[in-house]
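Okay, here's what each chain looks like letter by letter:
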Amino acid sequence: MPAPQIRKRKRTLEMDEISKSAFFALDKAVTDEIESIIGYVFRDKNLLITAFTHASYCNEHRGTVSYDRLEFFGDSILGFLMAQRLYFGTDKSEGEMTKLRASSVSEEPLAAEIDRLGLMKYLRHGKSLNEDEALKAKSDLFESILGAIYIDSGNSLEAPKRLVDSLPIVAVVDYKSDLQKYTQKKFKGLKPVYQTSERPDTDGYFVSLAKINDDTFEPGFGKSKTKAEQKAAENAYKKLVSD
């Protein structure tokens, strides 16, 4: 049986919130709002402002500093705090905790938390930020906030821990395996093929497309090749089972 014709899905990452904040001024009234939402008052407001400044904004506004370094630092803080939470809060094995940590600190739950808190509207960014980067921008924002809070609090883990504890523990789903099993059963042994490459403009970010015969699905993005392919497999699997 031939593979079905798949209509390419339109991107669904909403840009309304992002476009509204393109040239947002983070004055005292705004920083007060942000602090109220995240439950932490900054002593150094410049750290807060930096945490909400995307690199695309800096490209258009000389003298500003992006959150890239804070995001790098916050990523490590997030990994440690989630590992601590899993170790003391569960009786999972080392392998199970590794998988749970990876899924719980992935882009989707971080972006969902930013959406829940309504923080994306405060992000300062340039005109070049597009919907392909929206999910990454949200998850990076969460991590940059953690980094900024840790530094501002005098290198205390208790302050950022409150934000990390609000994240759900996300069950591990291997979509690549699920997709392969589905296609082999549905299409008589047919296996998906992945086209994965590093995006040159995103500092080590990967994009992946799952292909079944000549049909492609919504691309997946991730900080590693594995994560990008898992997301691509998820997009393909959910599309196939919903048709």
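Residues numbered from 1 in each chain as written. Predicted model: local features only at pLDDT ≥ 70, side-chain atom pairs only at ≥ 80, totals over all residues. Heavy atoms only, no water.

A.B. asks: Kindly report on the overall build of the protein chain, identifying the contributing residues and their values.
C.D. replies: Scanning the protein chain from terminus to terminus reveals eleven helices and four strands. Accessible surface for the protein chain amounts to roughly 13100 Å². Of this, 51% is attributable to carbon and sulfur atoms. (Helix = DSSP H or I, 4+ residues; strand = E, 2+ residues; numbered from the N terminus. Areas by Shrake-Rupley, 256 points an atom, 1.4 Å probe, with all protein chains shown as cover.)

A.B. asks: Tell me what's going on with the environment of Glu33, and back it up with residues and numbers.
C.D. replies: Along the chain, Glu33 falls in helix α2 (residues 28–38). As for Glu33 and Leu119, which are separated by 86 residues in sequence, their C-alpha atoms are 9.7 Å apart.

A.B. asks: Account for the pairing of strand β2 (residues 205–212), with residues named and values stated.
C.D. replies: Here β2 lies mainly inside the structure; six of its eight residues are buried. Looking at chain direction, strand β1 (residues 193–199) and β2 are connected through seven bridges and run antiparallel. By the bridge assignment for β2, Gln195 is matched with Leu209. For β2 and strand β3 (residues 215–216), the ladder comprises two bridges, and the chain directions are antiparallel. Within β3, the residue paired with Lys211 across the bridge is Thr216. A loop of two residues connects β2 with β3, the two strands running antiparallel in sequence, and Asn213 in this loop sits at a positive phi of about 55°. (Buried < 20%, exposed > 50% of the residue type's maximum accessible area, 1.4 Å probe, protein only. Pairing = 2+ DSSP bridges.)

A.B. asks: Mind laying out the packing of aromatic side chains, listing which residues take part and the relevant values?
C.D. replies: Taken as a whole and assessed by the stated rule, the structure comprises five aromatic pairs. Relative to Tyr150, the ring of Phe73 has its centre 5.4 Å away and its plane inclined at 85°; by these criteria the two rings are edge-to-face. Taken together, the residues span a long stretch of sequence, with Phe73 in helix α5 (residues 68–89) and Tyr150 in helix α8 (residues 134–152) at a distance of 77 residues. Judged by relative accessible area, which is 33%, Phe73 ranks as partly exposed. Looking at Tyr150, the relative accessible area reads 16%, which means it is buried. (Phe/Tyr/Trp six-rings, centres within 6.5 Å; stacked < 30°, edge-to-face > 60°.)

A.B. asks: Describe a nonpolar patch on the surface, listing the residues and the values that go with them.
C.D. replies: On the surface, a cluster of nonpolar side chains totalling about 300 Å² of accessible area is made up of Phe72, Phe73 and Ile151. For Ile151, the location among the structural elements is in helix α8. (Patch = residues over 30% accessible without salt bridge, like charges linked within 9 Å, V, L, I, M, F, W, Y side chains within 5 Å. Salt bridge = Lys/Arg side-chain N within 4 Å of Asp/Glu carboxyl O.)

A.B. asks: An account of the packing of helix α7 (residues 107–117) against α8 is needed here, citing residue identities and associated values.
C.D. replies: Closest axis-to-axis distance for the α7/α8 pair is 8 Å, and the angle between their directions is 75°. In this view, α7 runs roughly perpendicular relative to α8, as classed from their interaxial angle. Across the interface between the two elements, Glu107, Glu108, Leu110, Ala111, Glu113, Ile114 and Asp115 from α7 touch Leu135, Lys136, Lys138, Ser139, Leu141, Phe142, Glu143 and Ile145 from α8. Split by residue class, the contact of α7 with α8 holds seven nonpolar, one polar and seven charged. (Axes fitted to C-alpha atoms, helices over the stretch in contact; angles between N-to-C directions. Parallel < 35°, antiparallel > 145°, perpendicular 65-115°, else oblique. Contact = heavy atoms within 4.5 Å. Nonpolar A, V, L, I, M, F, W, Y, C, P; charged D, E, K, R; others polar.)

A.B. asks: Can you tell me about the pattern of salt bridges, naming the residues and giving the values?
C.D. replies: Scanning the entire structure with this criterion turns up ten salt bridges. Between Asp140 and Lys136 there is a salt bridge whose closest N-O contact spans 2.6 Å. You can see Asp140 and its partner Lys136 sitting in helix α8, four residues apart, about one turn around the helix. Here Glu234 and Lys231 are joined by a salt bridge, their closest N and O atoms 3.5 Å apart. With Glu234 and Lys231 both in helix α11 (residues 225–242) and three residues apart, this pair spans about one turn of that helix. Exposure remark for Glu234: the relative accessible area of 14% places this residue in the buried category. Classification of Lys231 by relative accessible area gives buried; the value is 18%. Look at the salt bridges and you will find they share partners, linking Glu108, Lys231, Glu234 and Lys238 into a network.

A.B. asks: Please give an account of helix α6 (residues 94–104) that cites residues and values.
C.D. replies: Residues separated by three or four positions in an α-helix point in the same direction, a consequence of the helix having 3.6 residues per turn. Where α6 is concerned, the buried positions are Met97, Leu100, Ser103 and Ser104. Angularly, the buried residues of α6 cover 135° about the axis, an arc narrow enough to put them on a single face. Projecting away from the buried face of α6 at angles above 90 degrees are the exposed residues Glu94 and Lys99. Buried residues along α6 sit against α5 and α7. (Arc of directions from axis to C-beta.)

A.B. asks: How would you explain unusual backbone geometry if you had to name every residue and give the values?
C.D. replies: Even without being a glycine, Asn155 presents a positive backbone phi close to 65°. Turning to its location among the elements, Asn155 is positioned in the loop between α8 and α9 (158–164).

A.B. asks: Kindly report on the packing of helix α10 (residues 175–186) against α11, identifying the contributing residues and their values.
C.D. replies: Closest axis-to-axis distance for the α10/α11 pair is 8 Å, and the angle between their directions is 40°. By the angle between their directions, the pair α10 and α11 is classed as oblique. The handedness of the crossing between α10 and α11 is left-handed. Counting all contacts with α10, which are made through Tyr175, Lys176, Asp178, Leu179, Tyr182 and Thr183, the residues of α11 involved are Glu229, Gln230, Ala233, Glu234, Ala236, Tyr237, Lys238, Leu240 and Val241. Classifying every residue of the contact of α10 with α11 by side-chain character gives eight nonpolar, two polar and five charged. (Left-handed = near helix turned anticlockwise from the far one by under 90°.)

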